[in-house]
Amino acid sequence: MSRTEAPPLPEPLRVPVADSHTHLDMQDATVEEGLARAAAVNVTTVVQVGCDVAGSRWAAETAAAHPNVHAAVALHPNEAPRIVHGDPDGRSRQGAREGGGRAALHEALAEIDALAALDHVRGVGETGLDCFRTGPEGMAAQEESFRAHIEIAKRHGKALVIHDREAHADVLRILADAGAPERTVFHCYSGDADMARICADAGYFMSFAGNVTFKNAQPLRDALAVAPTELVLVETDAPFLTPAPYRGWPNAPYLIPVTLRAMAAVKGLDEDTLASAVFDNTARAFDY
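Residues numbered from 1 in each chain as written. Predicted model: local features only at pLDDT ≥ 70, side-chain atom pairs only at ≥ 80, totals over all residues. Heavy atoms only, no water.

A. Expanded view of the pattern of salt bridges. Under the definition given, this model contains 13 salt bridges. Between R147 and E143 there is a salt bridge, and its shortest N-O distance comes to 3.1 Å. Residue R147 and its partner E143 are both found in helix α5 (residues 139-156); the two are separated by four residues, about one turn of the helix. Take R147: its relative accessible area is 25%, and that puts it in the partly exposed class. A relative accessible area of 24% places E143 in the partly exposed class. Notably, a salt bridge pairs E151 with K154, separated by 3.4 Å at the nearest N-O pair. With E151 and K154 both in helix α5 and three residues apart, this pair spans about one turn of that helix. A single salt-bridge network, built from bridges that share partners, covers E143, R147, D170, R173 and D177. (Salt bridge = Lys/Arg side-chain N within 4 Å of Asp/Glu carboxyl O. Helix = DSSP H or I, 4+ residues; strand = E, 2+ residues; numbered from the N terminus. Buried < 20%, exposed > 50% of the residue type's maximum accessible area, 1.4 Å probe, protein only.)

Shown next as structure tokens:
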């Protein structure tokens, strides 16, 4: 099989489950094709996540058109510094851009705020901090954007969806300082077991992606083992983070069963029990 081909459909789950974080706009299939493949394996609901103003608008429109799609809207942590300082290399989907300063950031945040008011938008995210792709010069813009998203989520009563890459302590500090929304989700949870205990004490949801299946991901599995089942979600982050044995192939919501079965083994639960819990948890996290 070529790595550009889609992996085969896994055996369907017996209990329906939700993909708590996907990017249908970055996948090869049409929305209808992607949802049909997911439904064929009993992945009946997806949360479509925006990473910039255009992507957030698309997420909101897609959720409005499909009852089994819920939207989350935001400026990705790496988008905020690009808006402020410019993106001369055109690394994001908008291509090369001039910096617009803080005024441009505030304008973009106002658009996210307006989208967050829509009923079919159930989350504000992905937002947070990313110390992997953004250098020190961009961290002030990231933090300002993160704090603004926290306030937007609280103002509209929506879930906060967090992107935390190599920034665990700072993300937890800002959440504690600003006051986390009632429902907070760590997308693609990447902390260790000690952080999972901190998140559990705070009532934060932890969403695990395909990388929990990777050979070198024992710390993630240790975190999943101690995470309370009632706070665990599953996601694809598709087209990224395809679970083993398909690592390197394009990911899509229909591959959720592969990750969920691996998670059930780590938790010592049968797959039906975990699928049922995850389905309920996702509905509770995003209030749909």
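There's plenty left to go through after this.
B. Layout of the packing of helix α2 (residues 53-65) against helix α4 (residues 101-116). Running from N to C, α2 and α4 point in directions that differ by 10 degrees, and their axes come no closer than 10 Å. It follows from the interaxial angle that α2 and α4 lie roughly parallel. Here V53, S56, R57 and A60 of α2 come into contact with α4, specifically with A108, E111, I112 and L115. Looking at the contact of α2 with α4 residue by residue, the class counts come to five nonpolar, one polar and two charged. (Axes fitted to C-alpha atoms, helices over the stretch in contact; angles between N-to-C directions. Parallel < 35°, antiparallel > 145°, perpendicular 65-115°, else oblique. Contact = heavy atoms within 4.5 Å. Nonpolar A, V, L, I, M, F, W, Y, C, P; charged D, E, K, R; others polar.)

C. Structural context of helix α1 (residues 31-40). Turning to α1, its buried residues number three or more, namely V31, G34, L35 and A38. Along the axis of α1, the buried positions cluster into a sector of 95 degrees, meaning they face one direction only. Buried residues along α1 sit against β2 (43-49), α2 and β3 (69-73). (Arc of directions from axis to C-beta.)

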